[in-house]
Amino acid sequence: MKHCFSLLLLALALFGVLPAAQAQTTQYTFSQDIAPLVYNHCTRCHRTGEVAPFPLTTYAEVVSHAQTIKYVTGTRYMPPWKPDPNYRHYLDENTLTDAEIAKIRDWVDGGTPQGNPALIPAVPAYPSGSQLGTPDMVIPMAQAFTHLGNGQDMYRIFVLPVNMPADRDIAAIEFRAGNKSIVHHVIIGMDTTQQAQALDAAAPGYGYTQFGGFGFNPVETNFAAWVPGMQARFYPTGMGKKLYRHSSLLVQVHYGPNYVTQTDSSVVNVFFARQPVTRYIQTLPAISPVTLTNGPFIIPANQISTFHAQIVVPFEATMLSIAPHAHFLSKGWKVWAVKPNGDTIRLVKINDWDFRWQGIYRFTSLQRIPAGSRLMADATYDNTAQNPRNPNSPPQTVQWGESTTAEMLLTYFDVLPYRAGDENIVLSTVPGVATTPGTVQMAVFPNPTSATTTINFQMERASPVTVSLLDGTGRLVRAVVRSKAYPAGPQQLPLPLTGVAPGIYIVRLESNEGTRNEKLVVAE
Ligand code: HEC
């Protein structure tokens, strides 16, 4: 009899009856499965006053958009992260895994159950001011700009004069949108002439309208950039950019279409370098039409064209970030380097380029590019009527230019000459440092360092914290704090390194909200 019963079980299992019964007991709920995903990946934009068109901060709000959420996560339209995560990872990456997308789908198909409301995590607290601390200099827009509610995009350049007694080395530039519901993306240049002032004076109103670039070639065309959800960062210690004393920051703001006339006054925060900058980061548009192997850069109408670029890197380089740039015909990018020994270094792959979501993609650790490597790019443009973003109807032959109806093919790289050990400089081991509900965040800065560093951490709730400095093999070098109670919110913990030998270490932080490990390079 017992034997028969197990046969029956086996038959049931084979015919899939048991797994189905099991699936019912593991039904996903908002409180335990969906809210953590939404609060981690969506609410940084989907909350009141932010760029997204509706908030996703409560069960009712999420349920009222459930079918669209299932659709836009399934197509990977949301969250708007363009680089292919199967090709390469970056700092502050915001993507859903296949399993998470399936979870959302199953929850919507299962009738969007709420579960136990008491288990819904708190919506993360978002800092309202600077994400980096107190800026040394705040450069505001001189006037509020009025963006008409006419349903049109606006690309407006504001000239922000910099007046300082001397040139300064900067460790970070942070753009802070004034009216986040209309500011869609921002590119910041730097000019040392008065050409931008002349363009501003010639145009009616505050600022001047210009789509692709700045209307001329300033000394820095990509000094900094911002898209919603992007976090400003300090450059590694000893690295920085120079801000000239009588220069101007050129802030190109893309205001999204809106049907209510609104104003914006945004600001740029400047952080000066605390430690001497000995290595200046250059932003080079190394991939451009002059590097094409199948140029010229002319995109015939009614055709999909792929251009191939190739350029030899003439020096041993360290790369911090990559930023491809094109307009509305662009479909996708693949950029990589081939080392002299034939190995490939993947740099970026974008399968569905979207002008509105272009970003600067920062590597999680510095990338060494050997001298003599070939930098390669494939860039595809869809100049057919099937491309819904095609600005020309019917399609026209398109060439290089700054206007919305012209195209660009550029990839900017933040680079500097390589120095031994650069590849060990980890910018963060925690992708998407911002806002995981109920999860401790940690950043160690400066890193690398010699004398001292600071551990910045933040928890949702008060918790005892243990911080340890471990060596590369995981052995305890120093107990920084042991089970010390800390409140919720941002904390700074200095970590003096006197007596610690140069090398690579791990800073480990343990709390009720999880453990974080960050690599720390102690230099001589
Ligand atoms: C970086 C900011 C940002 C993040 C993060 C983000 N969204 Fe959005 N979302 C937007 C913006 C802006 C729009 C308006 C459409 C557009 O501009 O592409 C939008 C539109 C939508 C829409 C409406 C789409 C339509 O066509 O009607 C849905 C649904 C949506 N988002 C869901 C999500 C979900 C779910 C997540 C998280 C998994 C998410 N979004 C993450 C900014 C964001």
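Each value, and the rule that gives it
Residues numbered from 1 in each chain as written. Predicted model: local features only at pLDDT ≥ 70, side-chain atom pairs only at ≥ 80, totals over all residues. Heavy atoms only, no water. pLDDT = per-residue confidence, 0-100. Contact = heavy atoms within 4.5 Å. Donors = N, O, S within 2.8 Å, 3.2 Å for Na, K, Ca; no water. Tetrahedral: all angles 85-135°; square planar, octahedral: opposite > 155°, others 65-115°. Helix = DSSP H or I, 4+ residues; strand = E, 2+ residues; numbered from the N terminus. Buried < 20%, exposed > 50% of the residue type's maximum accessible area, 1.4 Å probe, protein only. Phe/Tyr/Trp six-rings, centres within 6.5 Å; stacked < 30°, edge-to-face > 60°. Lys NZ or Arg CZ within 6 Å of the ring centre and 35° of its normal. Core = buried A, V, L, I, M, F, W, Y, C linked by side-chain atoms within 4.5 Å. Salt bridge = Lys/Arg side-chain N within 4 Å of Asp/Glu carboxyl O. Pairing = 2+ DSSP bridges. Axes fitted to C-alpha atoms, helices over the stretch in contact; angles between N-to-C directions. Parallel < 35°, antiparallel > 145°, perpendicular 65-115°, else oblique. Left-handed = near helix turned anticlockwise from the far one by under 90°. Nonpolar A, V, L, I, M, F, W, Y, C, P; charged D, E, K, R; others polar. Domains from an automatic or database assignment. Buried area = accessible area lost by both parts, 1.4 Å probe. Polar contact = N/O pair within 3.5 Å; in protein donor to acceptor, adjacent residues only side chain to side chain.

All right, on to the confidence of the model for the protein then. Looking at the protein as a whole, its pLDDT mean stands at 88, while 93% of the residues score no less than 70. In this model residues 1–25 is a low-confidence stretch, pLDDT under 50, and it forms 5 contacts with partners more than four residues away in sequence or in other chains. Residue range residues 429–438 is modelled with pLDDT below 50. Its contacts to residues more than four positions away, or to other chains, number 35 contacts.

Turning to the coordination of the iron atom of the ligand, a few remarks are in order. His 46 (NE2) and Met 78 (SD) make up the full set of protein donors to the iron atom of the ligand, lying at 2.0 to 2.3 Å. Because the angles between the 6 donor atoms bound to the iron atom of the ligand fall within 84 to 179 degrees, the donor set is best described as octahedral. On the criterion of sequence distance, the pair formed by His 46 in the loop between helix H3 (30–41) and helix H4 (59–64) and Met 78 in the loop between helix H5 (66–74) and helix H6 (98–109) is long-range, its members being 32 residues apart. For His 46, a relative accessible area of 10% gives the class buried.

For the coordinates displayed, the defined rule picks out 23 aromatic pairs. On the basis of an interplanar angle of 85 degrees and a centroid distance of 5.1 Å, the ring pair of Phe 457 and Tyr 486 is categorised as edge-to-face. In this pair, Phe 457 sits in strand E24 (residues 452–459) while Tyr 486 sits in strand E26 (residues 476–486), placing the two residues 29 residues apart along the sequence. Residue Phe 457 shares its accessibility class with Tyr 486, and that shared class is buried. Through pairs of rings, three or more aromatic residues link up here, namely Trp 81, Tyr 90, Tyr 361 and Phe 363. Note that Lys 334 overlies the ring of Trp 336, its terminal NZ or CZ placed 5.1 Å from the centroid. Above the ring of Tyr 418, the side-chain terminus of Arg 368 is found at 4.1 Å from the ring centroid.

Now for the nonpolar core. The biggest cluster of nonpolar side chains holds 37 residues, and the ones touching the most others in it are Ile 322, Trp 333, Leu 347, Tyr 381, Leu 409 and Phe 413. Of all elements in the fold, only strand E15 (304–312), strand E16 (317–325), strand E17 (330–338), strand E18 (344–350), strand E19 (361–369), strand E20 (374–382) and strand E22 (410–417) reach the threshold of two or more residues within this core. Ranked by size, the runner-up nonpolar core spans 36 residues in total, among them Phe 158, Val 270, Ala 323 and Ile 360.

Here we come to the pattern of salt bridges. Following the criterion strictly, the structure yields 19 salt bridges and no others. A salt bridge links Arg 356 to Asp 354; the shortest N-O distance between them is 3.2 Å. Given the relative accessible area of 27%, Arg 356 is considered partly exposed. Across the pair Asp 471 and Arg 475 runs a salt bridge whose closest N-O atoms are separated by 3.3 Å. Members of the salt-bridge network, linked through shared partners, are Arg 47, Glu 50 and Lys 180.

Turning our eyes to something else, we now look at H3. Counting buried residues in H3 gives 10 out of 12 residues, a clear majority hidden from the surface. Those residues of H3 that fall on the buried side of the exposure criterion are Phe 30, Ser 31, Asp 33, Ile 34, Ala 35, Leu 37, Val 38, Tyr 39, Asn 40 and His 41. For H3, the elements touching its buried residues are H4 and H6.

The buried fraction of strand E7 (residues 220–226) amounts to 5 of the 7 residues, a majority that puts the element mostly inside the structure. With 4 bridges connecting them, strand E5 (residues 183–191) and E7 associate as antiparallel partners. Its bridge partner being in E7, Met 190 is matched across the sheet by Glu 220.

Our next topic: the packing of H3 against H6. Between H3 and H6, whose axes approach to 11 Å, the crossing angle comes to 130 degrees. With respect to their mutual orientation, H3 and H6 come out oblique. Here the hand of the crossing between H3 and H6 comes out left-handed. When H3 is examined against H6, the residues Phe 30, Asp 33, Ile 34, Leu 37 and His 41 are found in contact with a partner set consisting of Glu 100, Lys 103, Ile 104 and Trp 107. Along the lines of polarity and charge, the residues of the contact of H3 with H6 split into 5 nonpolar, 1 polar and 3 charged.

Okay, the domain arrangement of the protein next. What the domain assignment lists for the protein is domain 1 (13–119), domain 2 (137–280), domain 3 (282–420) and domain 4 (438–522). Put simply, the middle of domain 2 and the middle of domain 3, counted by C-alpha atoms, are 23 Å apart. Every contact between the two is made by 29 residues of domain 2 and, on the other side, 24 residues of domain 3. Between domain 2 and domain 3, roughly 2100 Å² of surface is buried when both sides are summed, and carbon and sulfur atoms account for 60% of that area. Of all residues in domain 2, Phe 211, Asn 222 and Arg 279 give up the largest surface area on contact with domain 3, accounting jointly for 30% of the area buried on that side. Inspection of the region where domain 2 meets domain 3 yields 0 salt bridges. Across the domain 2-domain 3 interface, the total number found is 5 residue pairs in polar contact (both at pLDDT 80 or more). Those elements that place two or more of their residues in the side of domain 2 that touches domain 3 are E5, E7, strand E8 (239–243) and strand E12 (279–280). In terms of residue count, E7 provides more of the side of domain 2 that touches domain 3 than any other element does, 5 residues in total. Broken down by class, the residue content of the side of domain 2 that touches domain 3 amounts to 14 nonpolar, 11 polar and 4 charged.

At a closest axis distance of 9 Å, the pairing of H5 and H6 adopts a crossing angle of 155 degrees. In terms of axis orientation, H5 runs roughly antiparallel to H6. Here H5 runs over H6; the crossing is left-handed. The residues of H6 that touch H5, namely those facing Ala 66, Gln 67, Ile 69, Lys 70, Thr 73 and Gly 74, are Ile 101, Ile 104, Arg 105, Val 108 and Asp 109.

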